[in-house]
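Given next are the chains, with one letter for each unit.
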Amino acid sequence: MNAVASEKKEPKREKNAIAIRRKILVSSRELFSEDGYQAATITRIREKADVSIATFYKYFDSKQSVLLALLEDERETYKSSISRAVEAAVDRPVAYVVSVVEALLDPPDDPKLKMLWREAIAATIVISADPDVGPQIRSDNEFYHRQLESAFDHLRSLGLLQPNAPVKALLGVVECVVAYGFQSYVCERYADRKSFLRQIRQQLSSILTPWLA
């Protein structure tokens, strides 16, 4: 086989591999959001994706790894919008932080996506103790922490936070409030996306306003 033919085959194999992996992820996402994480066995996932057991294990070593790949995909999808929100001009500090939070969470309106997030939150709590997947979950959490930290650094660089503001403590409180609020939202404890964001705005205003310059 000559070099040109070999080069043509490699991109084709790569495209096929990407397509197969995507098919498994899409099938998993549908099953997780419709029937729940526990009910979505590897057998059901591969049958829905129409792949053999060997093909499934070529791309994923467990159902947990599929879930983590889905969460990573979500993060990658919104990276550019998160960066824009963090780097945006600041007119009102609280509204700015809320916009960063909204970009980080992108609260879904679709009931199936809410179901997916409920299942993801529950599953990641359980599997975070697994030494093989725990570091990846922590890495994901650290990504979101860094974005919020960048937002606070942006406010501080603009002189919008008091010099003595306990930034580390404020970050911890904001993260707890946002995480609990998002969990409540996907569990249908808010009427809609607007009411969730309105509540987050009120809570962040109470937390941040005393420390604004």
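Just so it is clear, the model here is predicted, and its values are computed rather than measured.

Asks: Residues and numbers for the environment of proline 166, please.
Replies: In this structure, proline 166 sits in the loop between helix H7 (134-157) and helix H8 (167-186). In sequence terms proline 166 and tryptophan 211 are 45 residues apart; their C-alpha atoms lie 8.4 Å from each other.

Asks: Tell me about the pattern of salt bridges, and name the residues and values.
Replies: Applying the stated criterion across every chain, the model contains 9 salt bridges. Among the charged side chains, a network of salt bridges with common partners joins Glu102, Asp106 and Arg193.

Asks: Describe the nonpolar core, with residues and values.
Replies: Phe32, Phe56, Val100, Val101, Phe152, Phe196 and Leu204 are the most contacted members of the largest nonpolar core, which totals 60 residues. For this core, the elements supplying multiple residues, two or more each, are helix H1 (3-35), helix H2 (42-49), helix H4 (63-87), helix H5 (93-105), helix H6 (111-127), H7, H8 and helix H9 (193-208).

Asks: Please give an account of the packing of H6 against H8 that cites residues and values.
Replies: Between H6 and H8, the shortest axis-to-axis distance is 9 Å and the interhelical angle comes to 130°. On the basis of their axis angle, the class for H6 and H8 is oblique. When the axes of H6 and H8 are compared, the crossing they make is left-handed. In contact with Lys114, Trp117, Arg118 and Ile121 of H6, H8 contributes Phe182, Gln183, Tyr185 and Val186. Here the contact of H6 with H8 is composed, by residue class, of 5 nonpolar, 1 polar and 2 charged.

Rules used in this analysis
- Residues numbered from 1 in each chain as written.
- Predicted model: local features only at pLDDT ≥ 70, side-chain atom pairs only at ≥ 80, totals over all residues.
- Heavy atoms only, no water.
- Helix = DSSP H or I, 4+ residues; strand = E, 2+ residues; numbered from the N terminus.
- Salt bridge = Lys/Arg side-chain N within 4 Å of Asp/Glu carboxyl O.
- Core = buried A, V, L, I, M, F, W, Y, C linked by side-chain atoms within 4.5 Å.
- Buried < 20%, exposed > 50% of the residue type's maximum accessible area, 1.4 Å probe, protein only.
- Axes fitted to C-alpha atoms, helices over the stretch in contact; angles between N-to-C directions.
- Parallel < 35°, antiparallel > 145°, perpendicular 65-115°, else oblique.
- Left-handed = near helix turned anticlockwise from the far one by under 90°.
- Contact = heavy atoms within 4.5 Å.
- Nonpolar A, V, L, I, M, F, W, Y, C, P; charged D, E, K, R; others polar.

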